[in-house]
Amino acid sequence: MDWFADGMLIMMMAFIGIFIVFFFSVAFYAVFKALRKMPMEPATKKSTEKEIIRQIIKVRCPYCSHVYDETLDACPHCGGKHP
Ligand SMILES: [Zn+2]
């Protein structure tokens, strides 16, 4: 029954090999995902901060309620002076 033992050994080796390949692929996928996710988060945070800043510098005209940039001295819609 030597052929049976050899067959079992080959099957076990194949099973272990598949397990190792599966484990490494999962591990590499997790590492790759973590590495890809890391530079994404600060970029999203930065854009959100930019958006907040953009919202702050926007001002609503008290005369015509037109939203314009705070850096402008007067409203570009009606020419009303900045309060
Ligand atoms: Zn205006």
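Predicted, not measured: the structure shown is a model, and the values here were computed from it.

1. Topic: the overall build of the chain
Logical step 1: The secondary structure content of the chain amounts to one helix and two strands.
Logical step 2: What you see in the chain, going N to C, is helices and strands ordered as α-β-β.
Logical step 3: Within the chain, the fraction of its 83 residues that count as buried is 1%.
Logical step 4: Across the chain, the fraction of contacts at a sequence separation of at least 24, relative to all contacts at a separation of at least 6, is 0%.

2. Considering the confidence of the model for the chain
Logical step 1: When pLDDT is averaged along the chain, the result is 81, and 76% of the positions lie at 70 or above.
Logical step 2: The secondary-structure element of the chain with the lowest mean pLDDT is helix H1 (residues 2-57), recorded at 77, while strand E2 (residues 67-69) shows the highest, at 88.

3. Examining unusual backbone geometry
Logical step 1: Phi at Ser65 is positive, roughly 60°, even though this residue is not glycine.
Logical step 2: Relative to the elements of secondary structure, Ser65 occurs in the loop between strand E1 (58-60) and E2.
Logical step 3: According to the C-beta neighbour criterion, Ser65 is exposed, with 10 such atoms within 10 Å.

4. Some points on the environment of Glu70
Logical step 1: Inspection of the secondary structure puts Glu70 in the segment after E2.
Logical step 2: Each C-alpha atom, one on Glu70 and one on Lys58, is 5.4 Å from the other, the two residues being twelve residues apart in sequence.
Logical step 3: Non-local contacts of Glu70, meaning those with residues more than four positions away in its chain, are made with Ile57, Lys58 and Val59.

Parameters at a glance
- Residues numbered from 1 in each chain as written.
- Predicted model: local features only at pLDDT ≥ 70, side-chain atom pairs only at ≥ 80, totals over all residues.
- Helix = DSSP H or I, 4+ residues; strand = E, 2+ residues; numbered from the N terminus.
- Buried ≥ 20, exposed ≤ 12 C-beta atoms within 10 Å, placed from the backbone.
- Contact = placed C-beta atoms within 7 Å.
- pLDDT = per-residue confidence, 0-100.

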